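Survey of secondary and tertiary structure
Letter by letter, the chains look like this.
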Amino acid sequence: TPTADMRIAADTFGSSFTTVLAAFTGTDLANLQPLGCQAFGNPLLLDVSAGVTYYFQVGGYFSDAGNLVFNVVALPFPANDNFANATRITAVPFTDSLSTAGATTELGEPSPPCAPGGSTVWYSFTPAVDMSIATDTLGSNFGTVLAAYTGSDFATLQPIGCQPFGGRLGLSLRAGNT
């Protein structure tokens, strides 16, 4: 039962057998509501709410048994997880490195036009002069999608470029436009 809203990762890394991990909410076995399930030791990511009790069921895949290691860790939300808190880029060149493990997707957030999206972080840049830039996520240790938009909120965002798989995205930017 967490004391604050958060994202968590639960897993069985280090167990000596093949596991199945499931998460539920509810007050007793008769009214448990499933939240997610993972097998083979893969992590189960959950957004949990303060004051709600969560139950985890761990067992062996096809009745496998052995030494169980059960891990639950909090994944902090990145500071720029929400559009309203986008990290401002004040000058180029710009480089940032952060963990997106605790990132979420906001209600109403657009999906990138070039590939399925997932949990996101946001950056904003308003150039003082017209310019062309190249952006990328090269060096990330996971598959990324980089999408660029103009606009001031989710209702007015217009895509201006998109690049899946960590490639380079070239953009022509207008002075004063974010």
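What counts and how
Residues numbered from 1 in each chain as written. Predicted model: local features only at pLDDT ≥ 70, side-chain atom pairs only at ≥ 80, totals over all residues. Heavy atoms only, no water. Pairing = 2+ DSSP bridges. Helix = DSSP H or I, 4+ residues; strand = E, 2+ residues; numbered from the N terminus. Axes fitted to C-alpha atoms, helices over the stretch in contact; angles between N-to-C directions. Buried < 20%, exposed > 50% of the residue type's maximum accessible area, 1.4 Å probe, protein only.

1. A few points about the sheet that holds strand E5 (residues 54-60)
Within a sheet, adjacent strands bond to each other through the backbone by hydrogen bonds, running parallel or antiparallel. The 3 strands are arranged E3-E2-E5 in an open sheet whose pairing can be described as antiparallel. Looking at which strands have only one partner, the edges of the open sheet turn out to be strand E3 (33-39) and E5. With strand direction ignored, the average angle separating the axes of adjacent strands in the sheet is 20°. When strand E2 (residues 19-25) meets E5, the two strands line up antiparallel, connected through 7 bridges. Bridge pairing in E5 links Ala-22 to Gln-57.

2. Thoughts on unusual backbone geometry
The step from Val-92 to Pro-93 runs through a cis peptide bond, and the omega angle for that step is 10°. Tracing the backbone through its elements, the reader meets Pro-93 in the loop between strand E7 (87-89) and strand E8 (123-125). A positive phi angle, close to 65°, is found at Phe-40, a residue other than glycine. For Phe-40, the position within the fold is in the loop between E3 and strand E4 (44-48). For Phe-40, a relative accessible area of 55% corresponds to the exposed category. In this structure, Phe-62 is a non-glycine residue whose phi angle is positive, near 50°. In this structure, Phe-62 sits in the loop between E5 and strand E6 (71-75). A relative accessible area of 73% places Phe-62 in the exposed class.

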